[in-house]
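A structural walkthrough
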Amino acid sequence: QMCIRDRFGAFLLACFVATKYLVPYVMFPAQQHQAVYKTIEEAAGEGYLQPDDTVYVVSRNGVTKAFPQKYLWVSHIFGGDYGGEEVVLTYCVLTNLPVPYINDLDGEPMDLRVIAQTNNNLLIWDTRSGEIIQQITNTCELSRRQLEPLPVSEMKWESFQALFPDGEVLYNPFEKPLEKILDFLMPLDEAHSGEEWMFKTVSFDDTRLPSKEKVIGIKDGEEAIALTRDYVRKAGVVNVRVGQESIAVAHIPEHDIFVGFDRMKDGQELQISQVDFFGNTPEHGQLEPAFIYNGPMWAVWVHYHPNTKLLK
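Owing to the predicted nature of the structure, the values given are computational and were not obtained by experimental measurement. Residue positions are counted from 1 within each chain, in the order its sequence is given. Selection of residues for local features in this predicted model requires a pLDDT of at least 70, selection of side-chain atom pairs for listing and counting requires 80 or more, and totals for whole chains, interfaces and linings are taken over all residues. Note that water and hydrogens are dropped before the side-chain values are worked out from all heavy atoms of the structure.

Time to look at the sheet that holds strand S9 (residues 132-134). Whether two strands pair depends on DSSP finding at least two bridges between them. The helix count covers DSSP runs of H or I at least four residues long, the strand count covers runs of E at least two residues long, and both are numbered beginning at the N terminus. Reading across from one edge, S7-S8-S9-S10 is the order of the four strands in this open sheet, with antiparallel pairing throughout. At either end of the open sheet lies a strand with only one pairing partner, and these are strand S7 (112-118) and strand S10 (139-140). Across two bridges, S9 lies against S10 in antiparallel orientation. Residue pairing for S10: Ile133 is matched across the bridge by Cys140.

What follows is about the packing of aromatic side chains. Between 30 and 60 degrees the pair is tilted, below 30 it is stacked and above 60 it is edge-to-face, where a pair is any two Phe, Tyr or Trp rings, Trp via its six-membered ring, whose centres lie within 6.5 Å. What the rule picks out here adds up to twelve aromatic pairs. Clustering of aromatic rings is evident, with ring pairs tying together Trp157, Phe160, Phe164, Phe277 and Phe278. The criterion for a charge sitting over a ring is simple: Lys NZ or Arg CZ within 6 Å of the ring centre, and within 35 degrees of the ring normal. The positively charged end of Lys65 is found above the aromatic ring belonging to Tyr82, 5.4 Å away from the centroid.

Following the sequence through the fold, Ile40 ends up in helix H2 (residues 40-45). Distance from Ile40 to Lys65, taken between C-alpha atoms, is 10.0 Å for residues 25 residues apart in sequence.

Let us look at the sheet that holds strand S23 (residues 309-311). Read across the open sheet, the four strands follow the order S22-S13-S14-S23; overall the sheet is mixed. Each edge of the open sheet is held by one strand with a lone partner, namely strand S22 (293-297) and S23. Ignoring strand direction, the axes of neighbouring strands in this sheet form an average angle of 35°. Bridge analysis of strand S14 (residues 223-228) against S23 gives three bridges, and the strand direction is parallel. In the sheet register, Ala226 faces S23, and the bridge partner there is Leu310. Orientation is described by axes fitted as lines to C-alpha atoms, over the contacting stretch for helices, and by angles from 0 to 180 degrees between their N-to-C directions.

Turning to the pairing of strand S3 (residues 63-68), a few remarks are in order. Taken residue by residue, a regular strand's side chains alternate between the two faces of the sheet. Counting buried residues along S3, five of its six residues qualify, which places the element largely inside the surrounding structure. Strand direction decides the pairing type here: strand S2 (residues 54-60) and S3, joined by six bridges, are antiparallel. Across the sheet, residue Val55 finds its bridge partner in S3, namely Pro68. Counted along the chain from S2 to the antiparallel partner S3, the turn is two residues long, and its residue Asn61 has a positive phi close to 55°. In this structure, S3 lies alongside strand S12 (residues 168-170), joined through two bridges in parallel fashion. In the strand pairing of S12, Ala66 is matched with Val169. Throughout this description, buried means an accessible area under 20% of the type-specific maximum (1.4 Å probe, protein chains only), exposed means over 50%, and partly exposed covers the range between.

Attention shifts here to the pattern of salt bridges. Throughout this description, the term salt bridge denotes a Lys or Arg side-chain nitrogen within 4 Å of a carboxyl oxygen of Asp or Glu. Using the criterion set out here, one finds 14 salt bridges in the structure. Where Asp106 meets Arg145, a salt bridge forms, and the shortest distance between an N and an O atom there is 2.0 Å. In this pair, Asp106 is assigned in the loop between strand S6 (97-102) and S7 and Arg145 in the loop between S10 and strand S11 (153-156), connecting sequence segments 39 residues apart. Across the pair Arg145 and Glu131 runs a salt bridge whose closest N-O atoms are separated by 2.8 Å. In this pair, Arg145 sits in the loop between S10 and S11 while Glu131 sits in the loop between strand S8 (121-126) and S9, placing the two residues 14 residues apart along the sequence. Through salt bridges with shared partners, a single ionic network connects Asp106, Glu131 and Arg145.

In structure tokens:
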């Protein structure tokens, strides 16, 4: 009897592991090494995107790539060459959060895979080091090392074409049967609108904002702040300090884009009142772009940063 019970327990454990870890690994295959990119002309000629489709944009070493939101969420992870340097973009559909990294962990390249979601945020497995990375905190859960995210902008496809005419776009139409099934069963619009959640693994106790409102977040250590998009739209530029981070969050009205810039320059903390998309200011020259959490939904942000301040 003990033998049967032990075997049954082992079977249940195997089912749990398969459901929690192996199913995401198989259903959501990363494209760190297989991602395909096309020029704007090539993608536009195929009618791949509509003008108001959302894309996430990463620029580095003179290379700029756009990642269409609606084609990211099945694979979650995409790699690309940026002037001889590999950058990996991760996207969590449950949080609505793009986070790019240089592919480097203590001097070694990472090989990233989807492993699970916890508290409505992506868990990523580096098969080479064995690290498990919580995307929204950029934390390696085993060693507690921190990855440094790269700046990323959210904009419409037509804005990308205007701002980066020589840019590239990830080409990842949902053509495989599994992709089409998942897209039908879990449509992006439902995941990001209303008050019904696909997975209720976060608390909804903090009602300062609707649970799915998309915010702009900045954090440093235990300190964090969230800004509503309407707040930044009205202000134009918001100068904030979070821990040691001094950031100007700006709204670019002609494209309805939100961007962050480092306010520290030559050892001085600047007050920014006017800045364009590329960081040019009338008084302080050009600012360096800074990473901001661009669009995470409020309930997920406040779960991971329960002491966050809010500007709304």
